[in-house]
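Spelled out, the chains give:
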Amino acid sequence: MNKTSNRKRHILQLGIWVLFFTVKIESKCTKGCDLALASYYVAQGSNLTYISKIFSQSIPEILRYNPQIWGGDGIETEARINVPISCLCLNSDFLGHPIKYQTQVGDTYGKIAQEVFANLTDEYWIQRVNWFEADQIPDFVDINVTVNCTCGNRQVSKNYGLFATYPLRPEEDLQSISIESSVPTMLLERFNPKSDFSAGLGLVFVPAKG
Ligand SMILES: *[C@@H]1O[C@H](CO)[C@@H](O)[C@H](O)[C@H]1NC(C)=O
Ligand SMILES: *[C@@H]1O[C@H](CO)[C@@H](O)[C@H](O)[C@H]1NC(C)=O
Ligand SMILES: *[C@@H]1O[C@H](CO)[C@@H](O)[C@H](O)[C@H]1NC(C)=O
Ligand SMILES: *[C@@H]1O[C@H](CO)[C@@H](O)[C@H](O)[C@H]1NC(C)=O
């Protein structure tokens, strides 16, 4: 009698330890950082007022990270602008920046990802954090949008602390991004071990000056 209850206690203790370690292993991030950048590709018809609104970030604050822009609403299309974002450890699982977006008539998760947020996220990644079925998204409701981000990796290099989440465009590759950012290709690859720069789509993290 005593022996079996002792055994039961041992099994219970073992169970608690296993649970503890599993939870520990599964929490993949502990803290984020105050500042990261979202590289927003400005399509035809977009403007700073709109970008300021969807990211809930003031225009002067956005302009601070874009010295190439003169001010006003006249931003060049087919160019990128850096939008400052916070980068948080979400669900103890990944680094991301949460956004509330109010749906417009005709929005789909895919359209919101590709057009509104310029591929800074994707359909799947939006659907995951909203309970509306993809074909039943009401108009004018707040939905969750998450933009992935990074705060760097000290094991790769301590010299870079500010990173842009950068959606690749079909015309871009490792070389072009290396030239544009003045970051050596090898370093870009090491900061993005899982990314395929030649795919012309998907997110990469590019170290930014600052
Ligand atoms: C700014 O862009 C939004 C979204 O594309 C558009 O609805 C709005 O009319 C534009 N505003 C100006 C002044 O161009
Ligand atoms: C987002 O990606 C889609 C598909 O690759 C592309 O057609 C679209 O132009 C991209 N949007 C922006 C703003 O770059
Ligand atoms: C964001 O990061 C998560 C975790 O690494 C990944 O599963 C997801 O596909 C990423 N989302 C995008 C849009 O790349
Ligand atoms: C957005 O995320 C919050 C927090 O996780 C959740 O409570 C809310 O239901 C989500 N919104 C939708 C539309 O799923």
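The numbers attached to residues start from 1 for each chain and follow its sequence in the written order. The order in which chains are written sets their letters, starting at A; the order in which ligands are written sets their numbers, starting at 1. Where totals are concerned, whole chains, interfaces and linings use all residues; where local detail is concerned, this predicted model gives features only for residues with pLDDT of at least 70, and gives and counts side-chain atom pairs only at 80 or more. Heavy atoms throughout the structure, all of them, feed into the side-chain values; hydrogens and water do not.

Engineer: Teacher, can you tell me more about the state of the cysteines here?
Structural biologist: Working definition: the covalent bond between the sulfur atoms of two cysteines is a disulfide. Disulfide: a pair of cysteine sulfur atoms within 2.5 Å of each other. Summed over all chains, the structure comprises three disulfides. Between the sulfur atoms of cysteine 33 and its disulfide mate cysteine 151 the distance is 2.1 Å. As the torsion about the S-S bond is roughly -90 degrees, the cysteine 33-cysteine 151 disulfide counts as left-handed. Of this pair, cysteine 33 sits in strand β1 (residues 33-42) while cysteine 151 sits in the loop between β4 (142-148) and β5 (163-167), and the two are 118 residues apart along the sequence. Taken N- to C-terminal, the disulfide-bonded cysteines of the protein are connected 1-4, 2-6, 3-5. The helix count covers DSSP runs of H or I at least four residues long, the strand count covers runs of E at least two residues long, and both are numbered beginning at the N terminus.

Engineer: Just checking my understanding: could you explain the site of ligand 4 for this structure?
Structural biologist: For this description, a residue counts as near a given molecule or strand if any of its non-hydrogen atoms is within 4 Å of it. Taken together, Val129, Asn130, Trp131, Phe132, Asp142 and Asn144 are the residues near ligand 4. In protein, a polar contact means a hydrogen-donor-capable atom and an acceptor-capable atom, both N or O and within 3.5 Å, with residues adjacent in sequence counting only if both atoms are side-chain atoms; elsewhere, any N or O pair within 3.5 Å suffices. In this structure, an oxygen atom belonging to ligand 4 sits 2.9 Å away from a main-chain N or O atom of tryptophan 131. In the model, an oxygen atom of ligand 4 is placed 2.4 Å from a nitrogen or oxygen of the asparagine 144 side chain. Gly counts as polar in this scheme, as do all residues outside two lists: the nonpolar Ala, Val, Leu, Ile, Met, Phe, Trp, Tyr, Cys and Pro, and the charged Asp, Glu, Lys and Arg. Among the residues making up the shell around ligand 4, the classes are represented as three nonpolar, two polar and one charged.

Engineer: Just checking my understanding: could you explain the site of ligand 1 for this structure?
Structural biologist: Surveying the vicinity of ligand 1 reveals the residues Gly45, Asn47 and Tyr50. Between ligand 1 and asparagine 47, the relevant distance is 2.4 Å, taken from an oxygen atom to a side-chain nitrogen or oxygen of the residue. In short, Shrake-Rupley with a 1.4 Å probe defines the accessible areas, and a residue's cover is counted only from the protein chains shown. Taking 360 Å² as the accessible area of ligand 1 by itself, protein coverage stands at 34%.

Engineer: I tried to follow the packing of aromatic side chains on my own but got confused; where do I start?
Structural biologist: Only the six-membered ring of Trp is used, alongside the rings of Phe and Tyr, when aromatic pairs are assigned; centres must lie within 6.5 Å, and planes under 30 degrees apart are stacked while those over 60 apart are edge-to-face, with the rest tilted. Under the definition given, this model contains eight aromatic pairs. With 5.6 Å between their ring centres and 85 degrees between their planes, phenylalanine 55 and phenylalanine 117 make a pair best called edge-to-face. In this pair, phenylalanine 55 sits in the loop between α2 (48-54) and α3 (59-64) while phenylalanine 117 sits in the loop between α4 (109-116) and α5 (123-127), placing the two residues 62 residues apart along the sequence. When accessible area is computed with a 1.4 Å probe and restricted to protein chains, residues below 20% of their type maximum are described as buried, those above 50% as exposed, and intermediate ones as partly exposed. Phenylalanine 55 sits in the buried class, given a relative accessible area of 6%. Look at phenylalanine 117 and you get buried, because its relative accessible area is 0%. One aromatic cluster in this structure is built from Tyr40, Phe55, Tyr101 and Phe117. Cation over ring: arginine 80 sits above tyrosine 166, and NZ or CZ is 3.6 Å from the ring centre. Sitting above the plane of the tyrosine 41 ring, arginine 169 keeps its charged end 3.8 Å from the centroid. Note on criteria: charge over ring means Lys NZ or Arg CZ within 6 Å of the ring centre, with the direction from the centre no more than 35 degrees off the ring normal.

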